[in-house]
Amino acid sequence: MSEKVISDYNGYDYKKIFWEDADREYEDQADRMAIRKLLPKRMEKFADIGGGYGRLANEYLKRAHKVYIFDYSKSELAQAKEMYGDKVETKAGDIYKLPFKDKELDGLMMIRVTHHLKYMDKAMAELYRVLKPGGVAVIEVANKRTLPKMARFITGRSKVNPFDKKVANYKDISANGFYNYHPKYVEEIFEKTGFKTEKVLSVSNFRSKSLKKIFRTDNLVKMEDKAQAALAPIRFAPSIYYKLRKPEE
Ligand SMILES: C[S@@+](CC[C@H](N)C(=O)[O-])C[C@H]1O[C@@H](n2cnc3c(N)ncnc32)[C@H](O)[C@@H]1O
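Described below are features of the structure shown in this document.

Quick notes on the rules
Residues numbered from 1 in each chain as written. Predicted model: local features only at pLDDT ≥ 70, side-chain atom pairs only at ≥ 80, totals over all residues. Heavy atoms only, no water. Core = buried A, V, L, I, M, F, W, Y, C linked by side-chain atoms within 4.5 Å. Buried < 20%, exposed > 50% of the residue type's maximum accessible area, 1.4 Å probe, protein only. Helix = DSSP H or I, 4+ residues; strand = E, 2+ residues; numbered from the N terminus. Contact = heavy atoms within 4.5 Å. Patch = residues over 30% accessible without salt bridge, like charges linked within 9 Å, V, L, I, M, F, W, Y side chains within 5 Å. Areas by Shrake-Rupley, 256 points an atom, 1.4 Å probe, with all protein chains shown as cover. Salt bridge = Lys/Arg side-chain N within 4 Å of Asp/Glu carboxyl O. Pairing = 2+ DSSP bridges. Right-handed = clockwise from strand over helix to strand, strands pointing away. Phe/Tyr/Trp six-rings, centres within 6.5 Å; stacked < 30°, edge-to-face > 60°. Lys NZ or Arg CZ within 6 Å of the ring centre and 35° of its normal. Axes fitted to C-alpha atoms, helices over the stretch in contact; angles between N-to-C directions. Expected span 1.5 Å × (residues − 1). Bend = angle between axes of the 7 residues up to and from the residue. Near = heavy atom within 4 Å. Polar contact = N/O pair within 3.5 Å; in protein donor to acceptor, adjacent residues only side chain to side chain. Nonpolar A, V, L, I, M, F, W, Y, C, P; charged D, E, K, R; others polar.

Some remarks on the nonpolar core
- Counting 34 residues, the largest nonpolar core has Ile-49, Ile-139 and Phe-190 as the members making the most contacts within it.
- When contributions to this core are tallied by element, the ones reaching two or more residues are strand E1 (43-49), strand E2 (64-71), strand E4 (105-110), helix H4 (120-130), strand E5 (131-142), helix H6 (183-193) and strand E9 (239-245).
- It is H4 that contributes the most residues to this core, 5 residues altogether.
- With residues up to four places along the chain from it excluded, the contact list for Phe-190 reads Met-120, Met-124, Ile-139, Val-141, Phe-195, Thr-197, Tyr-242 and Leu-244.
- Among the nonpolar cores identified, the runner-up in size contains 25 residues, and Ile-35, Leu-39, Leu-56 and Val-138 belong to it.

A word on a nonpolar patch on the surface
- A contiguous nonpolar patch, built from Ile-214, Phe-215 and Met-223 and spanning about 270 Å² of accessible area, is present on the exposed surface.
- Position of Ile-214 relative to the elements: it lies in helix H7 (residues 209-215).
- Judged by its relative accessible area of 61%, Ile-214 is exposed.

With respect to the pairing of strand E3 (residues 89-92)
- In terms of strand pairing, E2 meets E3 through 4 bridges, oriented parallel. Among the inter-strand pairings, Asp-71 is bridged to a residue of E3, identified as Ala-92.
- Taken together, E2, helix H3 (residues 74-84) and E3 constitute a β-α-β crossover, and its handedness is right-handed.

As for the packing of aromatic side chains
- This structure, assessed with the given rule, holds 15 aromatic pairs.
- Centroid distance Tyr-12 to Tyr-14: 6.3 Å. Interplanar angle 50 degrees. Geometry classified as tilted.
- Overall, the relative accessible area of 12% leaves Tyr-14 in the buried class.
- Both rings, one in Phe-190 and one in Tyr-242, keep their centres 4.9 Å apart while their planes meet at 70 degrees; by these two values the pair is edge-to-face. Note that Phe-190 is positioned in helix H6 and Tyr-242 in strand E9, a separation of 52 residues in sequence.
- The exposure class assigned to Phe-190 is buried, which follows from its relative accessible area of 0%.
- Between Arg-24 and the ring centre of Phe-18, over which it is positioned, the NZ or CZ distance is 3.7 Å.

With respect to the pattern of salt bridges
- According to the stated counting rule, one finds 21 salt bridges in the structure shown.
- Across the pair Glu-27 and Lys-212 runs a salt bridge, and its minimum N-O distance is 2.8 Å. Taken together, the residues span a long stretch of sequence, with Glu-27 in helix H2 (residues 25-38) and Lys-212 in helix H7 at a distance of 185 residues. As far as burial versus exposure is concerned, Glu-27 and Lys-212 are alike and both buried.
- Of the charged contacts in the structure, one is a salt bridge between Lys-37 and Asp-225, with a shortest N-O distance of 2.9 Å.

A short note on the sheet that holds strand E8 (residues 196-203)
- Judged by pairing direction, the sheet is mixed, and its 7 strands sit side by side in the order E3-E2-E1-E4-E5-E9-E8 without closing on themselves. Every other strand in the sheet has two partners, leaving E3 and E8 as the edge strands with one partner each. Averaged over all pairs of adjacent strands, the angle between strand axes in this sheet comes to 15 degrees, irrespective of strand direction.
- Bridge count between E5 and E9: 7 bridges; the pairing is antiparallel. Residue pairing for E9: Ala-137 is matched across the bridge by Leu-244.
- Of the strands in this sheet, E1, E4, E5 and E9 touch H4, which is tilted by about 150 degrees from E5.

Some thoughts on helix H8 (residues 217-230)
- Between its first and last C-alpha atoms H8 spans 20 Å; for 14 residues at 1.5 Å apiece the expected length is 20 Å, and the two agree.
- The largest bend in H8 comes to about 30 degrees, at Glu-224.
- Among all positions of H8, only Thr-217, Leu-220, Val-221, Glu-224, Ala-227 and Gln-228 are buried.
- Taken together, the buried residues of H8 touch H2, E8 and H7.

Details of the site of the ligand
- In the vicinity of the ligand there are 19 residues, among which Gly-50, Arg-55, Asp-71, Asp-94 and Ile-111 approach most closely.
- Within the backbone of Tyr-72, an N or O atom sits 3.1 Å from a nitrogen atom of the ligand.
- Ile-95 places a polar main-chain atom, nitrogen or oxygen, 3.0 Å from a nitrogen atom of the ligand.
- Taken together, the residues of the shell around the ligand break down into 8 nonpolar, 7 polar and 4 charged.

So, in C-alpha cells, the structure goes:
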C-alpha cells in the first residue's frame, strides 16, 4: 500500500520541545511504569516501532538481546544512535511497510504513535506479520473516549462524539490529521487481526495542568501507579495500553 506519511518528525526536536522544555515528567513516568508492567522480561529480538529518539530505550534495553528502533524520521533515529550507540540498531521506514521479515521479532512496542495512524487495521496487520507466534506487542492507543472529551461534547464545545466508535480526526491539532480511537473500535481490530488481549492498563489518568499544580508530579505518579490497573475496565484515560499476544501456531 502506498500511503502518504502523515506526520514527519524530520528536523523537529521532539526530545527538547515536547519533553525537556515542557512539563511532562508525569506523562513520561506514566508511560514507563505501564511498559514495565507489560513488556516481557526476556526477549531475543525486539523493536520499538515509531520509537523516535529512543526516549523509552532504558525500559527495554536490558530485556532484549537485539534491539531495533524503527521510525520514519531519520533525524530522530540519528539522535537515538548518538545516545545508545551499538546497543541499538536503527531502521528507517513506514509503519505500513515494516522492514522486518515475517515472524522475525518476539516482542515489539508502539507508544504514542496511533494518533498519527489513519489506518489502524493495516498497521496492526503489519505488526502481527513481523511477530513470531507467541510474541508480544505492547500498544498505546490515543483514546477518544476520555472524561474531558465527554464534557466538551456534552456542553457543545466539541462536535466530536466520544461515544461513537468512529475514528476522530482532529484537523485543528494537525492539518495532516491527528487521530483518536474508541477503545471498542481498536479492540475489534486487534481481535480481527488475530491478537489475544492479555492485559489492559489505563495510563496518564491525571494528565491535567491543574492537577499537576494541586498535587505535584511526585504525588500524581504515586496515584497513577495504583490507578493504571484499577481504572482499566472503564477506559477513560487519554492513553490505553494493551498487551497483545500473537497465538502459538
Ligand atoms: C509522538 S512520537 C513518539 C516517539 C516514541 N514512541 C515516544 O513515545 O517517545 C511519534 C513517532 O512516530 C513516528 N511516525 C509517525 N508516523 C509514522 C509512520 N507512518 N511510520 C514510521 N514512523 C512514524 C514519528 O516519526 C515519531 O518519531
